[in-house]
Amino acid sequence: MNKGYSYRELTDLINRLVSKTEKYSSLSDKLITTKPDPSSWCVGEIFEHLVMFNEIYLDMIRSAVKSNDLPTFHEEQFSPRLFISPVIRFIKPPYKIKIKTIAPMSPLDIDSDNYHQQYGQLLNTNRELLTLIDELEFRRLDLNKIKFRHRIFFIKMSLIEYILLLEAHQSRHLWQAEQTLFKISN
């Protein structure tokens, strides 16, 4: 049986992401731009990638809930389907297998000022997600029953699956940022 999530638990998950992200607020230009090796991303590139991903997901979620005629919930527990749960667990850190990103989601090589802006934007996307979750709860929307096609993977996913996949992906890359900082500090 899959774990069920209430709106409160989803908010707590995203608030933890915000807290994990905030610890990077005072990174120096050197730390945000240094790569542990030529084939790895620097922390700034990780932020840039997360912003691209988060903005796409937020846009898909907003589009899915534009209608006023959406199913509402009777019980406030939402779970990903059985075939999506292993994907979410696979993405979560710590991970042993790297996943190559698709080309449109690859970060560009930009300067430290832009990476610091990406950091701020990453925090903003998380705060937008928190606001969106509050709106979904206020509207009493059923996160299991509202499904829509993923723009990149072309499968239908529910709102709970989108939110949990976004959280898992971001947790993965924040762990990657932590590992990157560890490598360049030694």
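Residues numbered from 1 in each chain as written. Predicted model: local features only at pLDDT ≥ 70, side-chain atom pairs only at ≥ 80, totals over all residues. Heavy atoms only, no water.

S.K.: I would appreciate a short explanation of the packing of aromatic side chains in the present structure.
M.R.: Each aromatic ring pair is specified by the distance between its two centres and by the angle formed by the two planes. Under the counting rule described, the total for this entry stands at eight aromatic pairs. Put simply, the rings of Phe53, Tyr57, Phe148 and Tyr162 pair up and form one aromatic cluster. Seen from the ring of Tyr5, Lys3 lies directly overhead, with NZ or CZ sitting 4.5 Å from the centre. Its guanidinium or amino end placed over the ring of Phe73, Arg140 lies 4.3 Å from that ring's centre, counting from NZ or CZ. (Phe/Tyr/Trp six-rings, centres within 6.5 Å; stacked < 30°, edge-to-face > 60°. Lys NZ or Arg CZ within 6 Å of the ring centre and 35° of its normal.)

S.K.: How should I be thinking about the layout of surface pockets in this particular structure?
M.R.: Remark: the empty space left among the atoms is shown by a probe the size of a water molecule rolled over them. Reported here for the second largest pocket is a volume of approximately 150 Å³. Along the walls of the second largest pocket sit Asn2, Lys3, Tyr5, Pro80, Ser85, Ile88, Arg89, Lys92, Leu164 and Glu167, which together make up its complete lining. Broken down by secondary-structure element, the contributors of at least two residues to the lining of the second largest pocket are α4 (85–91) and α6 (159–185). Among the elements that take part in the lining of the second largest pocket, α4 stands out by supplying three residues, more than any other. In the lining of the second largest pocket, the residues fall into four nonpolar, two polar and four charged. (1 Å grid on protein atoms, 1.4 Å probe; cavity = no way out; pocket = protein on both sides within 12 Å on 5 of 7 lines; lining within 4 Å. Points joined across faces, edges and corners; volume = space filled by probe spheres on them. Helix = DSSP H or I, 4+ residues; strand = E, 2+ residues; numbered from the N terminus. Nonpolar A, V, L, I, M, F, W, Y, C, P; charged D, E, K, R; others polar.)

S.K.: Is there a simple way to explain the packing of helix α3 (residues 43–64) against α6 in this structure?
M.R.: In helix packing, the relevant descriptors are the interaxial angle and the interaxial distance, both defined with respect to the helix axes. Viewed as axis vectors pointing N to C, α3 and α6 meet at an angle of 175 degrees, and their least axial separation amounts to 10 Å. For the element pair α3 / α6, the angle class is roughly antiparallel. Looking at the contact of α3 with α6 residue by residue, the class counts come to 15 nonpolar, seven polar and no charged. (Axes fitted to C-alpha atoms, helices over the stretch in contact; angles between N-to-C directions. Parallel < 35°, antiparallel > 145°, perpendicular 65-115°, else oblique.)

S.K.: I would appreciate a short explanation of the side chain of Thr21 in the present structure.
M.R.: Position of Thr21 among the secondary structure elements: in helix α1 (residues 7–22). On the basis of relative accessibility, which here comes to 0%, the residue Thr21 falls in the buried class. (Buried < 20%, exposed > 50% of the residue type's maximum accessible area, 1.4 Å probe, protein only.)

S.K.: How should the nonpolar core be read in this particular structure?
M.R.: A general tendency of soluble globular proteins is for nonpolar side chains to be buried together. Membership of the largest hydrophobic core comes to 55 residues, with the highest contact counts inside it found for Leu10 and Leu143. With residues near it in sequence (within four places) discarded, Leu10 still touches Tyr5, Ile133, Leu143, Ile160, Ile163 and Leu164. (Core = buried A, V, L, I, M, F, W, Y, C linked by side-chain atoms within 4.5 Å. Contact = heavy atoms within 4.5 Å.)

S.K.: What is the right way to look at the environment of Thr131 in this model?
M.R.: One can find Thr131 in helix α5 (residues 112–138). On the basis of relative accessible area, Thr131 is assigned to the exposed category, the value being 53%. The spacing of Thr131 and Thr11 is 120 residues in sequence and 9.3 Å in space, taken between C-alpha atoms.

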